[in-house]
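Summary of structural features
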Amino acid sequence: MGIYRCEMENCPICYTPLESRLCAPCHECGDLPEELEDLKDGYHKYREYEVFEELHLVLCDFCDADFYSYDPAYFGLKKPFDKSVLKMDFVREIENPQTEWDKYCPECQQRLKFLVFLDTARKKFGKIPF
């Protein structure tokens, strides 16, 4: 999924200092405190997907169903959107999902794994939407 650096001190999107946070496996919503309870209760399935060529995310069964609600421009895709770029190719089921420490941006309100994915996608598609 590109370069993921645990030693990053600042958000790759907005440069706000990052905090450490215990997370559920989902790269999109895993930073939410209630997701730790959902993980403990076995509420979600977690799967790894190749979302864009060579860019991977681990998503829970709620976030994978909701992923297409993102505006493709958010990921740096230029209009008109090439629909072939948007995909959700299943890679693997996450067996025995566990909590993990990750960094979190209080400004972007996302965990670092998602922010690195976002930053890499924007660089790959060559357009930052904001």
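Structure shown above.
Not measured: the values here are computed from a predicted model. Think of each chain on its own: its residues are numbered from 1, step by step along the sequence as written. pLDDT decides what is reported in this predicted model: residues at 70 or higher carry local features, side-chain atom pairs at 80 or more are listed and counted, and totals for whole chains, interfaces and linings draw on all residues regardless. Neither water nor hydrogens contribute to the side-chain values; these are computed over all heavy atoms in the structure.

Secondary structure counts use DSSP, requiring at least four H or I residues in a row for a helix and at least two E residues in a row for a strand, with both numbered from the N terminus. Counting its regular elements, the chain contains 3 helices and 6 strands. For the chain, the sequential pattern of α-helices and β-strands runs β-α-β-β-α-β-β-β-α. Partly exposed residues are those whose accessible area sits between 20% and 50% of the maximum for their type, while under 20% is buried and over 50% is exposed, using a 1.4 Å probe and protein chains only. Buried positions account for 42% of the 130 residues belonging to the chain. In what follows, a contact means two residues having at least one pair of non-hydrogen atoms within 4.5 Å. Look at the contacts in the chain between residues 6 or more apart in sequence, and 68% of them connect residues 24 or more apart.

The next thing to look at is unusual backbone geometry. For Asn96, which is not a glycine, the phi torsion comes out positive at approximately 50 degrees. Relative to the assigned elements, Asn96 resides in the loop between β4 (89-93) and β5 (100-105). Positive phi is not limited to glycine here, since Gln109 has a value of about 60 degrees. Mapped onto the elements of the fold, Gln109 is located in the loop between β5 and β6 (110-111). The class for Gln109 is exposed, based on a relative accessible area of 52%.

This part covers the pairing of strand β3 (residues 55-60). With respect to burial, β3 is a largely interior element, 5 of its 6 residues being buried. With 6 bridges connecting them, strand β2 (residues 46-52) and β3 associate as antiparallel partners. Paired with Glu48 across the bridge in β3 is Val58. DSSP calls a pair of strands paired once it identifies at least 2 bridges connecting them. The antiparallel hairpin formed by β2 and β3 contains 2 residues in its connecting segment, where Glu54 sits at a positive phi of about 70 degrees.

Moving on, we come to the sheet that holds β3. Sheet architecture is open: 3 strands sit in the order β3-β2-β4, paired in antiparallel fashion. Edge positions in the sheet fall to β3 and β4, since each has one partner strand and no second. Averaged over all pairs of adjacent strands, the angle between their axes in this sheet comes to 30 degrees, without regard to strand direction. Helix axes are fitted only over the stretch in contact, all axes being lines through C-alpha atoms; the angle between N-to-C directions runs from 0 to 180 degrees. Sheet strands touched by helix α3 (residues 112-125): β2 and β3. Its angle to β3, the strand with the most contacts, is close to 145 degrees.

On to the nonpolar core. Throughout this description, the term nonpolar core refers to a set of buried Ala, Val, Leu, Ile, Met, Phe, Trp, Tyr and Cys residues connected via side-chain atoms within 4.5 Å. Ranked by size, the top nonpolar core spans 25 residues in total, and within it Tyr46, Val51, Phe52, Leu59, Phe67, Phe75 and Phe117 carry the most contacts. Put simply, the parts of the chain that give this core at least two residues each are β2, β3 and α3. When residues no more than four places from it in sequence are discounted, the contact partners of Phe75 are Phe52, Phe67, Tyr70, Phe114, Phe117, Leu118, Ala121, Arg122 and Phe125. Membership of the second largest hydrophobic core comes to 6 residues, among which are Cys11, Leu18, Cys105 and Leu112.

To estimate the expected span of a helix, subtract one from its residue number and multiply by 1.5 Å. The terminal C-alpha atoms of α3, which comprises 14 residues, lie 20 Å apart, in line with the 20 Å expected from a rise of 1.5 Å per residue. The buried fraction of α3 is high, at 11 of 14 residues. All of the buried residues in α3 are Leu112, Lys113, Phe114, Leu115, Val116, Phe117, Leu118, Asp119, Ala121, Arg122 and Phe125. Contacts from the buried residues of α3 go to β2, β3, β5 and β6.

Note that every value here comes from positions in space, so none of it alone points to a role or purpose.
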